[in-house]
Structures are given as structure tokens and as C-alpha cells.
Amino acid sequence: MKKIIISTLAVSALLFTTSCENDFDTDVKDIQVTKGDADFTKYVSLGNSLTSGYRDGALYIDGQNESYPSMIAQQMRLVGGGDFKQPMMADNNGGLILNTLVGPMQIANTKLYINSFIDGAPDLKFANNNTATTLTNTVLTGPFNNLGVPGAKVAHLLADGYGNVLNVAAKTANPYFVRFASEPNTSVIKDFKKQNPTFFSLWIGNNDALLYALAGADGTAETLTPPAQFNGYYNALINEIATTNAKGVIANIPSVTTIPALTTIPVNPLTASVLGSGNVTAGNATIDALNAQLYGPLNQILTALGAGDRIKPLSKTVANPLLIKDESLPSLSAQITAAATASGNPTLMALAAYLGATYGQARQAKTGDLVPLTTKAEIGKLETLPPGVPASLGARGVAYPFADKYVLTATEVTEINTAIAAYNVTIQAAATAKGYAFVDANKKMTELSAQSGISYDGVRYTAKFVTGGAFSLDGVHLTGRGYAVIANEFIKSINATYRSNLPQVDPNKYSGIKFP
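Structure report, in brief. The model shown is predicted, which means the values in this text are computed figures rather than measured ones.

What counts as what
Residues numbered from 1 in each chain as written. Predicted model: local features only at pLDDT ≥ 70, side-chain atom pairs only at ≥ 80, totals over all residues. Heavy atoms only, no water. Helix = DSSP H or I, 4+ residues; strand = E, 2+ residues; numbered from the N terminus. Rg over C-alpha atoms; globule rule 2.2 N^0.38 Å. Buried < 20%, exposed > 50% of the residue type's maximum accessible area, 1.4 Å probe, protein only. Contact = heavy atoms within 4.5 Å. Areas by Shrake-Rupley, 256 points an atom, 1.4 Å probe, with all protein chains shown as cover. Lys, Arg positive; Asp, Glu negative; His and termini not counted. Charge placed at Lys NZ, Arg CZ, Asp CG, Glu CD. Pairing = 2+ DSSP bridges. Core = buried A, V, L, I, M, F, W, Y, C linked by side-chain atoms within 4.5 Å. Domains from an automatic or database assignment. Salt bridge = Lys/Arg side-chain N within 4 Å of Asp/Glu carboxyl O. Phe/Tyr/Trp six-rings, centres within 6.5 Å; stacked < 30°, edge-to-face > 60°. Lys NZ or Arg CZ within 6 Å of the ring centre and 35° of its normal. Polar contact = N/O pair within 3.5 Å; in protein donor to acceptor, adjacent residues only side chain to side chain.

The next point concerns the overall build of the chain. Of regular secondary structure, the chain possesses 16 helices and 16 strands. The C-alpha atoms of the chain give 25 Å as radius of gyration, which agrees with the globular expectation for 516 residues (24 Å, within 12%). In terms of overall dimensions, the chain has C-alpha extents of about 85 × 55 × 45 Å along its principal axes. The 516 residues of the chain split such that 54% are buried. Across the chain, the fraction of contacts at a sequence separation of at least 24, relative to all contacts at a separation of at least 6, is 75%. Of the roughly 21500 Å² of accessible surface on the chain, 55% is carried by carbon and sulfur atoms. Side chains of the chain give 37 positive and 37 negative charges; the mean places of these two sets differ by 3 Å.

Quick look at the structure:
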């Protein structure tokens, strides 16, 4: 099937751009470029997946070639900057294979692509039938200027053995760093210092909050780094960097409410047509049945308990919210069981214990909650229910409350953004104390997430999933064009701090989303 690069200009033709901020500077082709007070001879970048060029759910060659540090390095070459070497993947599909004692095992998926559109929504598939070819165990010859490690938190950059293949199974090592660590028991920061950089960039800390957010703030899968702990690790990292006497630029962390991975799926996706698809059958009839079997009786019981706003009957005419479990709510399990037992309704009486156990902290999602992109595929999937419970009550998010990992409640969003705000205080304070250039990435992502977005040379970029031009198909990482927007923020900050005049890159010349 033929693939073409979507033109963001074509998308913009459908949208108003006159009110957009224009970040594209005046043509500087006739201005002599100078390095100012900086020395770009040996530029080394530190960070996580955003630094590596990761996009569409994977790390692959085209993405690496359009990483924001690679773009910055190209501009630095105009004033004496050296080569910028990256630990390239084996192909343009991405994904990782790890050789183990029992044979090869794929440990990372290949990139996402749009296979088609279904009811206007992209149908995403994994490239190359989700078969990876890049071998984790093959160690590349460095040193490498791009030390972006997908999945890394701040503490990981300081950890010895983070590139030891023997530690991958225990998850104390990173398979991406395994491929390019100078030796198994080194750390990322040690490999950075070995290169004696003259200039650096650092964008790290996103994963200290984001992985927790994407896991629905389910503390069993990921944890939120406490701000005090983040402060300790970040300053330890900065102090290690400072021993090189390199000048540099550091960036702060965007809010979780600015990325399409957490802002695309509405809290109320349950229309009559949705309820009539997949494992949830019969459209309006299903709404009637669910109201009779579940929503109506629960609403009556909860109303009597003074909590009738938790669950209301489903509507046939407007979209309905997802049903979720909110662990911050007082549990009404015992009260629900007692009320169902005393109802005199044989069906409710038979299900009394189940209803109490399942819906004691259930409520319908509301404005302020966030639904991860990955949750969409789980809506309506059937839970395995106890004997005697109707199968129709097992549809996740519809009749069976979504577990914590599937939805971020408003309380959890506040918890995460409060931590990020504290992280950002630490980051800006470090930049000020050391005299490093500072990039307010949070502000730029907030601009992208606004309805008007930002404009470059007449082309509008927003955080809208697929059509916004800035974010890739995983909803977290950027497209080539999005990374160019970020590269320009770094360049502007470098110029302002070190009196250089590196030219900005043109985002419109880089790649966006590929459509079928």
C-alpha cells in the first residue's frame, strides 16, 4: 500500500490559522552565524525517549535521524560543531529482541502505523507484523553523542549497571542502553563524562511522572517519584555534569494534561452505537437491559445512601460516561449488599454480594478524569464473572467498573501535576544556579495543546491526535515536525544565554504522520 507524508499545510487549510502565534523567525540566511560564548565542538545530549527520537511507539532509524539533538547538532556545525553520532537501530520498524537462555524473545514492539480508518478513527497496527530485528545483545561501538535512553528516569542516568544485559530481565538495566553502553557496569552519566563534552543538553524527568500517569496512577505497575527524591537525584546529576565544565541547556517537564495520549479519549464515549458494537450487543436494547439490570437498581440504592450522583441511568440520546472504580471514594460495599438483600427483588437478592463487592467504589467518569489512549481498546471487553452473574454485566467500562489502571481520576491528575510542578522548580533552580540555558518545555506544550496551537510559516501545529501535526501515533512522543518545534526552543534558549545566533530549523521540512 502506498504511503505518503501527510501535509500539515493541507490539514491547516481546513482550519483557521490567523489567530495562531507565529514562532518562525525572520530569514537569517544572510546573517553570519556565530557561537557567542559557547563551544559546540563536542555536543552530547542526555535524556530519555524524547531525546533519542522515539516516536510512534518505537525507536527506529527515521525517528533517530529527526531527533531534536540531531537537528541542533546540524546547526552547531555552522560554527565549529563536530559530528553527532547516534546508536542507530537496525531498521525502520523498531522493536527489540533479547537473546536469552531459552532463545530469542521480543521485548519491545515495532512502530505503529495507520492501517485504515474505521468510523473516522485511525486503525493502528504494528509494522512488520510486530516482528523486530534489532538485537539488544549486539553492543555498538561508541562513543555516542546522543545518550537518550527510552524509559529512563532521572535516577537511571546515575545507576551503574544500567547497561548490563544480565540485568534486563530483572528490570534494573535498560535494553536500549545495553546496546551502546561503553561497558556493562557503567552508567549513562559516566559515559557522558568520558567524552569531555564542551556543550550538553538535558531533558529528563518526564518518566518520573508520565509512566505513572499512563498506568492510570496504579502504583502496582509504576510509581510517582516523590518530589524530594527527584530533587536529590536531579541535583546529583547536575553536579556530575558540572564537573565537565561544559556549558549547556536544560528543559523542564510538560504537564500530563498537554499530551494526546491522555486527552484524546473523552470520558463519555458510550453512545448508543458504541454500545451496540463488539462485545456489547443490541444498541438501545442493551441500554434498556443495562438500566433494568444494573444502572436503575444501583441508582436507587445509592440515592437512598446519599450517593445517587455516583451512577445514573444510561441515556439513549446523549453520550454516556465510562463506569470506573474510584479508590478515593468511601466504600459502600456493605451498604449496597445489605440494600440489595433487603430489596425483595429475587434477581438483586441473588446478586447482592456481587453488587456490593463490585460497585462499592464505582462511579461514572466525569470532567477532569483522563482516559489513556490505550484504554479505548479495552472498552467493552468481557471480564470473567462469578457463576450466576449475567455475562452482560462483564463489559469493562460499561457495566463492569474499569480498574484503576485504565483511568486517571481528577484527584490523580492533580497529584501528578503537583509533583511535576515541584520537579520543574528543581529544574529551573538548577539552571539558574549553574548558569545553564533553560527551556520551558511545559509552556511550549501548553501552547501546542491550546485550540489555536502554534504556527510556523503559515502551518499550524497542535496537540490534536493524528491531525495536529506535532505528536506521533503513540500520543506521547513527537513527530519529526514536533521535534523540530522543540529543537527551536532549545536553540532560542542557547542563543539568549550564550550570545550565539544559531539559526532555527524549519519544522515544515521534517516528517509528520503517514497516512495510508
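So that's the structure; there's more coming.
With that settled, the discussion passes to the pairing of strand S4 (residues 96-100). Two faces belong to every sheet, and in a regular strand the side chains alternate between them. Relative to strand S5 (residues 103-108), S4 runs antiparallel, the two being bridged by five bridges. The partner of Leu96 across the bridge, within S5, is Ala108. The antiparallel pairing of S4 with S5 creates a hairpin that spans two residues between the two strands.

The biggest cluster of nonpolar side chains holds 136 residues, and the ones touching the most others in it are Leu202, Tyr234 and Ile241. Residue contributions to this core peak at nine residues, all from helix H16 (residues 480-498). A domain split of this core shows at least three residues from each of domain 1 (43-261 + 411-509) and domain 2 (272-364 + 373-406). Those residues in contact with Tyr234, other than ones at most four positions away along the chain, are Val154, Leu202, Ile204, Ile250, Thr426, Ile427 and Ala430.

Attention now moves to the environment of Gly435. Turning to its location among the elements, Gly435 is positioned in the loop between helix H14 (410-434) and strand S13 (437-439). Under the relative-accessibility criterion, Gly435 is labelled partly exposed at 40%. Taking the C-alpha atoms as reference, Gly435 lies 65 Å from Ala338; in sequence the two are 97 residues apart. Contact partners of Gly435, with chain neighbours within four places excluded, come to Thr497 and Tyr498.

Attention shifts here to the pattern of salt bridges. Taken as a whole, this structure holds 16 salt bridges when the rule is applied. Ionic pairing is found between Asp123 and Lys125, a salt bridge with its closest N-O pair at 3.9 Å. Given the relative accessible area of 17%, Asp123 is considered buried. Residue Lys316 pairs with Asp288 through a salt bridge whose shortest N-O separation is 2.9 Å.

Glancing now at the packing of aromatic side chains. Evaluated as defined, the whole model comprises 18 aromatic pairs. Centre to centre, the rings of Phe177 and Phe180 are 5.3 Å apart; their planes meet at 80°, and the pair counts as edge-to-face. Given the relative accessible area of 0%, Phe177 is considered buried. For Phe180, a relative accessible area of 7% gives the class buried. Among the aromatic residues, those joined into a cluster by ring pairs are Phe40, Tyr43, Phe84, Phe199 and Tyr498. The ring of Tyr60 carries Lys111 above its face, with NZ or CZ at 4.3 Å from the centroid.

On to the pairing of strand S7 (residues 121-126). Strand direction decides the pairing type here: strand S6 (residues 112-118) and S7, joined by six bridges, are antiparallel. Bridge pairing in S7 places Ile118 opposite Ala121. In this antiparallel pair of consecutive strands, S6 and S7, the connection spans two residues, and Asp119 shows a positive phi of 55°.

To continue, consider the side chain of Arg363. Inspection of the secondary structure assignment puts Arg363 in strand S12 (residues 362-364). We classify Arg363 as buried; its relative accessible area is 5%. Side-chain polar atoms of Arg363 contact the side chain of Asp326, separated by 2.8 Å. Discounting residues that sit within four places of it in the chain, Arg363 has contacts with Arg310, Ile311, Leu322, Leu323, Ile324, Asp326, Leu329, Asp369 and Thr409.

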